[in-house]
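Take a look at the letters that make up each chain.
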Amino acid sequence: MSASLVPAPTTNPLRRIAFDIGTERAARSSGIPFPPGPMSFSLVRTRRFSQSPLPILLDCYERYGPVFSIRILHSPVVFMLGPEANHFLTVSNAAKFRWRDGSMGDLIPLLGDGMLTIDGPYHRQSRKVMLPSFHRERIAGSADTMVEEISHALGSWRVRETLDLYHWTRALALRIAMRALLGFDPDRAQDLHAADEFEEALAFFGTDYLLQTLRGPFSPFSRMLKHRERLDALIYEEIARRRSSDERRHDLMSVLLDATDDAGEPLSDREVRDHLITLLFAGHDTTTSTVTFLFYELLQAPEALARVTEELERELAGRPPTAEQLVGGLPELEAVMDETLRMYPPAWVGPRRAVESFEFAGTAVPSGALVNYCSWASHRLPEVFPDPDRFDPTRFTAERKAALAKGAYVPFGGGSRTCIGMRFGQLEIKTIAALVLQRYRLELPGDYELRVRMMPTLSPKKGLPLRVAAAA
């Protein structure tokens, strides 16, 4: 499965700056200008974009159409918004773009060469090896583990207390990912506080871009590496233990340990580590954010909350949900999840780099340009989703969902880059929501103000404090 990987310009900030300046000069000399948009150098715009990109993107869409450019610090970045743009980038013309030397390369220092940062034959081979572990039947088999872990975690809740749902869900989702996906015993890692290590490592990507370029013993980059080293120690220890004992289970670690490359050689410890750390990240971070946003919106939508609560009472009658109910049933709960993912798609931006010049919607884009689709902005276009800022799960009845245009709804990406753990994440989100709503009534503090943070995934900047009350 091994393959040589093209080094990513984004792993070194100085190299990235030089690469992007060179790309812009090459584009000018080729006679293909960047699409129109705000292209002057502006620290104010850069800061505004890093803190709240959605208004800027929607304003540019109104002014320039579905293809436009924005200069963010030194880099001209092309954005393409709307269903047709999403489908163009992820499906019909995916071969025109690369991930690794787009801004996804920024994740390489933490994640290494896993599914989020690789391209080409290595990505196709890696996906082929892992995909059977994410088939519907295998994912359904994780339901019991999810119910067990969620039920245990809910045992710490106390009526009339306030808890931070975001941090509670992160610890829970990481335990589920460790057990159900990778076969770890999360209790062996209790002293590590793996969820905290991940959160601290990911905080690097939420700092100002200028701070991200710094290197040195007290820089945000150095702190990120320290947290990565602690996570690595856990993973490499488990890899060594499995190799020495020949222990194999029905999990992805066993699949990777038994996989071979084109020459018939087993994967190196580093290759296994990179895939595992990526799956641990993707397997818990997106669930954490989606569960948090789901309850934030649902608690302010009494009609939707009543429909979901009635459905759970009718279908489950106080019993934990079965895999069959979670995968193929509970349509009201599924619609709530789908609407949450529309409003807050965790992987909110899909960064690429064009490997050749192309034209879309009558606008030319030069080779080498950074090109992003943005599901967060595309999902907020009123011509696609009327009254887009309103939480309305009825948008996702079976009939209305089937009528959506290709590319209109892309919370998990599309084409060959569709999130490999999509079904696992959907099952986990529904299981957590169902068990919480069965047991408790939650109240949102009246003075809480949601502020969204853009790290690799969307998340609530201040967590989500909720007051716990017994279910009626």
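Asker: Sorry, what's going on with the overall build of the protein chain here?
Answerer: Along the backbone of the protein chain there are 20 helices and 12 strands. Relative to the compact-globule value of 23 Å for 472 residues, the protein chain shows a C-alpha radius of gyration of 22 Å, a close match. The dimensions of the protein chain, computed from C-alpha atoms along their principal axes, are 70 × 55 × 45 Å. The burial tally for the protein chain puts 55% of its 472 residues in the buried class. Pairs at least 24 apart in sequence give 75% of the contacts found in the protein chain among residues at least 6 apart.

Asker: What exactly am I supposed to notice about the packing of aromatic side chains here?
Answerer: When we look at a pair of aromatic rings, we describe it by the centre distance and by the angle of the planes. Overall, the coordinates contain 14 aromatic pairs when judged by the stated rule. With centroids separated by 6.4 Å and ring planes inclined at 70 degrees, the aromatic side chains of phenylalanine 88 and phenylalanine 97 adopt a geometry described as edge-to-face. Judged by relative accessible area, phenylalanine 88 falls into the buried class, the value being 9%. Among the residues examined, phenylalanine 97 registers a relative accessible area of 7% and is labelled buried. Through pairs of rings, three or more aromatic residues link up here, namely Phe88, Phe97, Phe358 and Phe360. The positively charged end of arginine 215 is found above the aromatic ring belonging to phenylalanine 221, 3.6 Å away from the centroid. In this structure, arginine 342 is placed above the aromatic ring of phenylalanine 385, and the distance from its NZ or CZ to the ring centre is 5.3 Å.

Asker: Which parts of the structure should I look at to understand the sheet that holds strand β8 (residues 370-373)?
Answerer: The strands making up a sheet are joined through hydrogen bonds of the backbone, oriented either antiparallel or parallel. The sheet built from five strands is open, its strands ordered β1-β2-β8-β5-β3 with mixed pairing. Among the strands making up the open sheet, the edge pair consists of β1 (67-72) and β3 (97-98). Against the sheet, helix α2 (residues 43-51) makes contact with β1 and β2 (75-80), and its axis sits at roughly 110 degrees relative to β1, the strand it touches most. In this fold helix α4 (residues 83-92) packs onto β2, β3, β5 (350-354) and β8, with an angle of close to 120 degrees to the strand it touches most, β8.

Asker: Looking at this structure, how should I read the environment of isoleucine 108?
Answerer: Residue position: isoleucine 108 is located in helix α5 (residues 108-111). Of the residues examined, isoleucine 108 reaches a relative accessible area of 13% and is grouped as buried. Taking the C-alpha atoms as reference points, isoleucine 108 and alanine 180, separated by 72 residues in sequence, lie 25 Å from one another.

Asker: I tried to follow the pairing of β2 on my own but got confused; where do I start?
Answerer: On a regular strand, one side chain projects to one face of the sheet and the next to the other, so that they alternate. In terms of residue burial, β2 counts as a mostly covered element, since six of its six residues are buried. Here β2 shows two buried faces, one formed by Ser75, Val77 and Phe79 and the other by Pro76, Val78 and Met80. Two elements, β1 and β2, share six bridges in a ladder whose sense is antiparallel. Following the sheet pairing, isoleucine 70 is matched in β2 by valine 77. Here β1 folds back onto β2, and the loop between the two strands holds two residues, one of which, leucine 73, carries a positive phi near 55 degrees. Two elements, β2 and β8, share four bridges in a ladder whose sense is parallel. Bridging across to β8, phenylalanine 79 finds its partner in asparagine 372.

Asker: How should the pattern of salt bridges be read in this particular structure?
Answerer: Think of it this way: side chains of opposite charge can pair up when their charged atoms draw near. In this structure the tally under the stated criterion is 28 salt bridges. Between glutamate 149 and arginine 175 there is a salt bridge, and its shortest N-O distance comes to 2.8 Å. Taken together, the residues span a long stretch of sequence, with glutamate 149 in helix α8 (residues 143-154) and arginine 175 in helix α9 (residues 165-181) at a distance of 26 residues. Residue glutamate 149 is classed as buried on the basis of its relative accessible area of 4%. Owing to a relative accessible area of 21%, arginine 175 belongs among the partly exposed residues under this scheme.

Asker: What is the right way to look at the sheet that holds strand β4 (residues 162-164) in this model?
Answerer: If you trace the three strands from one edge of the open sheet to the other, you get β4-β12-β9, paired in antiparallel fashion. Pairing within the sheet leaves two strands with one partner each, and these edge strands are β4 and β9 (440-443). Looking at each pair of strands side by side, their axes are set apart by 40 degrees on average, direction ignored. Its contacts with the sheet put helix α20 (residues 422-439) on β9 and β12 (465-470), and the angle it makes with β9 is roughly 95 degrees.

Asker: What am I meant to see in the environment of glutamate 315 here?
Answerer: By secondary structure assignment, the location of glutamate 315 is in helix α15 (residues 302-316). In contact with glutamate 315, not counting residues within four places along its chain, are Gln325 and Leu330. Here arginine 314 takes part through its side chain, which lies 3.2 Å from a polar atom of the side chain of glutamate 315.

Asker: What is the right way to look at helix α6 (residues 120-130) in this model?
Answerer: An α-helix turns once per 3.6 residues; consequently, residues spaced three or four apart project the same way. Buried residues of α6: Tyr122, His123, Ser126, Arg127 and Met130, and no others. Along the long axis of α6, the arc covered by the buried residues comes to 125 degrees, so they all point the same way. Opposite the packed face of α6, turned more than 90 degrees from it, sit the exposed residues Arg124 and Lys128. Looking at the buried side of α6, the elements it contacts are α13 (252-258) and α14 (269-298).

Asker: What exactly am I supposed to notice about the nonpolar core here?
Answerer: Proteins that are soluble and globular tend to have nonpolar side chains buried together. By size, the foremost hydrophobic cluster in this structure holds 121 residues, and its most contacted members are Leu57, Trp157, Leu165, Trp168, Leu280 and Phe295. No other element matches α14, which puts 12 residues into this core. Residues contacting tryptophan 157, with those up to four places away along its chain left out, are Leu163, Leu165, Trp168, Val436, Tyr440, Leu442 and Val468. Counting residues in each nonpolar core, the second largest holds 16 residues, with Ala85, Leu89, Val365 and Val410 among its members.

Asker: Even after reading the chapter, I still don't get helix α3 (residues 53-64), so can you show me in this structure?
Answerer: Taking 1.5 Å per residue as the helical rise, α3 with its 12 residues ought to reach 16 Å, and the 16 Å between its terminal C-alpha atoms agrees with that figure. All of the buried residues in α3 are Pro53, Leu54, Ile56, Leu57, Cys60 and Tyr61. One face of α3 carries all of its buried residues, which in axial projection span an arc of 165 degrees. Facing away from the buried side of α3, by more than 90 degrees, are the exposed residues Glu62 and Arg63. As for α3, its buried residues are in contact with α2, β1, β2, α18 (375-378) and β10 (452-454).

What counts as what
Residues numbered from 1 in each chain as written. Predicted model: local features only at pLDDT ≥ 70, side-chain atom pairs only at ≥ 80, totals over all residues. Heavy atoms only, no water. Helix = DSSP H or I, 4+ residues; strand = E, 2+ residues; numbered from the N terminus. Rg over C-alpha atoms; globule rule 2.2 N^0.38 Å. Buried < 20%, exposed > 50% of the residue type's maximum accessible area, 1.4 Å probe, protein only. Contact = heavy atoms within 4.5 Å. Phe/Tyr/Trp six-rings, centres within 6.5 Å; stacked < 30°, edge-to-face > 60°. Lys NZ or Arg CZ within 6 Å of the ring centre and 35° of its normal. Pairing = 2+ DSSP bridges. Axes fitted to C-alpha atoms, helices over the stretch in contact; angles between N-to-C directions. Salt bridge = Lys/Arg side-chain N within 4 Å of Asp/Glu carboxyl O. Polar contact = N/O pair within 3.5 Å; in protein donor to acceptor, adjacent residues only side chain to side chain. Arc of directions from axis to C-beta. Core = buried A, V, L, I, M, F, W, Y, C linked by side-chain atoms within 4.5 Å. Expected span 1.5 Å × (residues − 1).

Keep in mind that these numbers describe shape and distance, not what the molecule does.
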